[in-house]
Amino acid sequence: QLIGTQFNIETLAFQQEQAQITCTAMDAMKVGAEQLKKQHHALDMGSVDRLADDLAQIHDDMQSIGEALAGTAVGMGVDEGDLDAEYAKMEEEMAAMKL
């Protein structure tokens, strides 16, 4: 009977400890929920949409710039042979400058 009483007391102490942990967790979740609500209210969906649109526009602009730079010499009426000849001429001039 003494062992049963000790078991009941230990079980009760464990349940009290678990209840305290649960209360602490609930308090933390309440604080977290309040902070999330404040942050959510601070966000304006219109601002988020405008930011997303701006970022998409910047991405498109950068892509267009990259395509323009990549296509400057190729397919824009510039002959690759002319470019090679110009490069060879520049190399000759650089070699002459070294002498």
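Residues numbered from 1 in each chain as written. Predicted model: local features only at pLDDT ≥ 70, side-chain atom pairs only at ≥ 80, totals over all residues. Heavy atoms only, no water.

Chemist: So what exactly am I meant to see when it comes to the overall build of the protein chain here?
Modeler: Along the backbone of the protein chain there are three helices and zero strands. Each helix (α) and strand (β) of the protein chain, taken in turn from the N terminus, gives the series α-α-α. Relative to its length of 99 residues, the protein chain is extended, with a C-alpha radius of gyration of 36 Å against a globular reference of 13 Å. Seen through its C-alpha atoms, the protein chain measures out along the principal axes to roughly 105 × 40 × 25 Å. Expressed as a percentage of the 99 residues in the protein chain, the buried residues total 1%. Element-wise, carbon and sulfur atoms account for 63% of the exposed surface of the protein chain, whose accessible area totals about 9,200 Å². Each charge class in the protein chain can be summarised by its mean position, and for the 6 positive and 19 negative side chains these summaries are 14 Å apart. (Helix = DSSP H or I, 4+ residues; strand = E, 2+ residues; numbered from the N terminus. Rg over C-alpha atoms; globule rule 2.2 N^0.38 Å. Buried < 20%, exposed > 50% of the residue type's maximum accessible area, 1.4 Å probe, protein only. Areas by Shrake-Rupley, 256 points an atom, 1.4 Å probe, with all protein chains shown as cover. Lys, Arg positive; Asp, Glu negative; His and termini not counted. Charge placed at Lys NZ, Arg CZ, Asp CG, Glu CD.)

Chemist: Even after reading the chapter, I still don't get the pattern of salt bridges, so can you show me in this structure?
Modeler: Where side chains of opposite charge bring their charged atoms close, a pairing between them can arise. This model, assessed by the stated rule, comprises one salt bridge. Here Asp 44 makes a salt bridge to Arg 50, at a shortest N to O gap of 3.9 Å. Among the residues examined, Asp 44 registers a relative accessible area of 42% and is labelled partly exposed. (Salt bridge = Lys/Arg side-chain N within 4 Å of Asp/Glu carboxyl O.)

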